[in-house]
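Topology and contacts: notes
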Amino acid sequence: MTSKSKWVIPWQRMKMGKKRLSPRMVDHHPFLPRQGWELLRELHQYTGGSKYLFPNRRDHDKPLSNGMILQALKRMGYGGEMTGHGFRALAKGTLKTLGYPIDRIERQLSHASG
């Protein structure tokens, strides 16, 4: 990836894009700094060449299921305390505490347009 690399999540994969009535047909373009791209490249080395960062163990053409993420958290001692989606809330709270502008945090989480 170059410094001009972009991460684009097609609107069809976004929660608001899957709505039956008035889906939000806007691709999500989350910002990822150079260090983020470096971490993703490093993680990709461990995925067996899958297109997913966290592929399904049985079928690498599918992503890891939410149930498997919950099982992993349980094995690490966080069962009932944390969910995969909970990391979004944790990041939001941490970034807000560090003084990042809330509008940028909301945009990064695809809670706001633009």
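For the structure, check the block above.
Each value, and the rule that gives it
Residues numbered from 1 in each chain as written. Predicted model: local features only at pLDDT ≥ 70, side-chain atom pairs only at ≥ 80, totals over all residues. Heavy atoms only, no water. Helix = DSSP H or I, 4+ residues; strand = E, 2+ residues; numbered from the N terminus. Buried < 20%, exposed > 50% of the residue type's maximum accessible area, 1.4 Å probe, protein only. Contact = heavy atoms within 4.5 Å. 1 Å grid on protein atoms, 1.4 Å probe; cavity = no way out; pocket = protein on both sides within 12 Å on 5 of 7 lines; lining within 4 Å. Points joined across faces, edges and corners; volume = space filled by probe spheres on them. Polar contact = N/O pair within 3.5 Å; in protein donor to acceptor, adjacent residues only side chain to side chain.

With that settled, the discussion passes to the overall build of the chain. Scanning the chain from terminus to terminus reveals four helices and zero strands. Each helix and strand of the chain, ordered N terminal to C terminal, gives the series α-α-α-α. Across the 114 residues in the chain, those meeting the buried criterion constitute 18%. Pairs at least 24 residues apart make up 20% of the contacts formed inside the chain by residues separated by at least 6 positions.

What follows deals with unusual backbone geometry. Phi is positive for Ser22, close to 50 degrees, though the residue is something other than glycine. Position of Ser22 among the secondary structure elements: in the segment before α1 (34-44). On the basis of relative accessibility, which here comes to 60%, the residue Ser22 falls in the exposed class.

If you walk through the whole model with that rule in mind, you get one cavity of 30 Å³ or more. There is about 50 Å³ of room inside the largest cavity. Around the largest cavity sit Trp11, Met14, Met16, Gly17, Arg24, Val26, His28 and Ser110, which together line it.

A few words on the environment of Glu38. As for its placement among the helices and strands, Glu38 is situated in helix α1. Among the polar contacts listed, one links the side chain of Glu38 to the side chain of Arg34, at a separation of 3.0 Å.

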